[in-house]
Amino acid sequence: MFSHIMIGTNDLDRAKSFYDALLGTLGVPPARVDGHRIFYFTPTGVFSVSLPINGEPATHANGGTIGFACASSDQADAWHAAGLAAGGTTCEDPPGVREGSTGKMYLAYLRDPDGNKLCALHRM
């Protein structure tokens, strides 16, 4: 459904360090730098982080979450640990199994250094 997702940052170098570590746990190669943006290319789409082109500070979406698919709960745990080690902060409940309308899922939440809410999700 999506071709790409782009979020803002106030510190591109910090964002690259964070997302290189975080997405590396999912097998995604380090970002390509393109001026004021970084890009992560995968077979299923592109994730990008950018300094805002209007010169205003980047802000996170209130109520927004970006979910990353994981192949296992172990991969979600590695994702979460890498994010915390790279400067992210935990949020929501601790990583674990949740029951939803679509069945059991293993979820791990954190916020990136700019406050964007992220989720690792493994459908059980």
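Quick note: structure is the one above.
Being a predicted model, the structure only gives us computed values, none of them experimental.

A.B. asks: Can you tell me about the environment of Ser3, naming the residues and giving the values?
C.D. replies: By secondary structure assignment, the location of Ser3 is in the segment before β1 (4-8). Ser3 sits in the exposed class, given a relative accessible area of 51%. C-alpha of Ser3 to C-alpha of Thr44: the two residues are 41 residues apart in sequence and 8.0 Å apart in space. Excluding its chain neighbours within four sequence positions, the residues that come into contact with Ser3 are Gly45 and Val46.

A.B. asks: Could you give an account of the pattern of salt bridges, with specific residues and numbers?
C.D. replies: Here the idea is simple: oppositely charged side chains can pair when their charged atoms come close. Overall, the coordinates contain four salt bridges when judged by the stated rule. Glu92 is the partner of Lys117 in a salt bridge, and the nearest nitrogen-oxygen pair spans 2.4 Å. Taken together, the residues span a long stretch of sequence, with Lys117 in strand β9 (residues 117-123) and Glu92 in the loop between β6 (89-90) and β7 (96-100) at a distance of 25 residues.

A.B. asks: Mind laying out the nonpolar core, listing which residues take part and the relevant values?
C.D. replies: With 24 residues, the main nonpolar core has Tyr19, Leu23, Tyr40, Phe47, Phe68, Trp79 and Leu118 as its most contacted residues. Going through the elements one at a time, α1 (12-24), β3 (37-42), β4 (45-50), β5 (66-69), α2 (73-85), β8 (103-111) and β9 are the ones with two or more residues in this core. A per-element tally of this core places α1 first, with six residues. With sequence-adjacent residues up to four places away left out, Leu118 is seen in contact with Phe18, Tyr19, Leu22, Thr65, Ile66, Phe68, Trp79, Ala108, Tyr109, Leu110 and Asp112.

A.B. asks: Could you give me a rundown of the state of the cysteines, with the residues and numbers involved?
C.D. replies: Going through the model one piece at a time under the given rule, you end up with zero disulfides. Cysteine Cys91 is unpaired, with the sulfur of Cys119 as its nearest cysteine sulfur at 8.8 Å. Owing to a relative accessible area of 13%, Cys91 belongs among the buried residues under this scheme.

A.B. asks: I'd like a description of the packing of α1 against α2, backed by residues and values.
C.D. replies: Where α1 contacts α2, the two axes come as close as 8 Å, and the packing angle between them is 165 degrees. Comparing the axis directions of α1 and α2 gives the class roughly antiparallel. Handedness of the crossing formed by α1 with α2: right-handed. Along its contact with α1, which presents Phe18, Ala21 and Leu22, the element α2 presents Trp79, Ala82 and Gly83.

A.B. asks: Can you lay out the sheet that holds β3 for me, pointing to particular residues and giving the numbers?
C.D. replies: The mixed open sheet is built from four strands, whose spatial order is β1-β4-β3-β2. In the strand order of this sheet, the two ends are held by β1 and β2 (32-34), each with one partner. Across the sheet, the mean angle from the axis of one strand to that of its neighbour is 20 degrees, orientation sign disregarded. Bridge analysis of β1 against β4 gives five bridges, and the strand direction is parallel. Bridge assignment links Gly8 to a residue of β4, and that residue is Ser50. Across the face of the sheet, α1 comes into contact with β1, β2, β3 and β4 while running at roughly 15 degrees to β3.

Rules behind the numbers
Residues numbered from 1 in each chain as written. Predicted model: local features only at pLDDT ≥ 70, side-chain atom pairs only at ≥ 80, totals over all residues. Heavy atoms only, no water. Helix = DSSP H or I, 4+ residues; strand = E, 2+ residues; numbered from the N terminus. Buried < 20%, exposed > 50% of the residue type's maximum accessible area, 1.4 Å probe, protein only. Contact = heavy atoms within 4.5 Å. Salt bridge = Lys/Arg side-chain N within 4 Å of Asp/Glu carboxyl O. Core = buried A, V, L, I, M, F, W, Y, C linked by side-chain atoms within 4.5 Å. Disulfide = S-S within 2.5 Å. Axes fitted to C-alpha atoms, helices over the stretch in contact; angles between N-to-C directions. Parallel < 35°, antiparallel > 145°, perpendicular 65-115°, else oblique. Left-handed = near helix turned anticlockwise from the far one by under 90°. Pairing = 2+ DSSP bridges.

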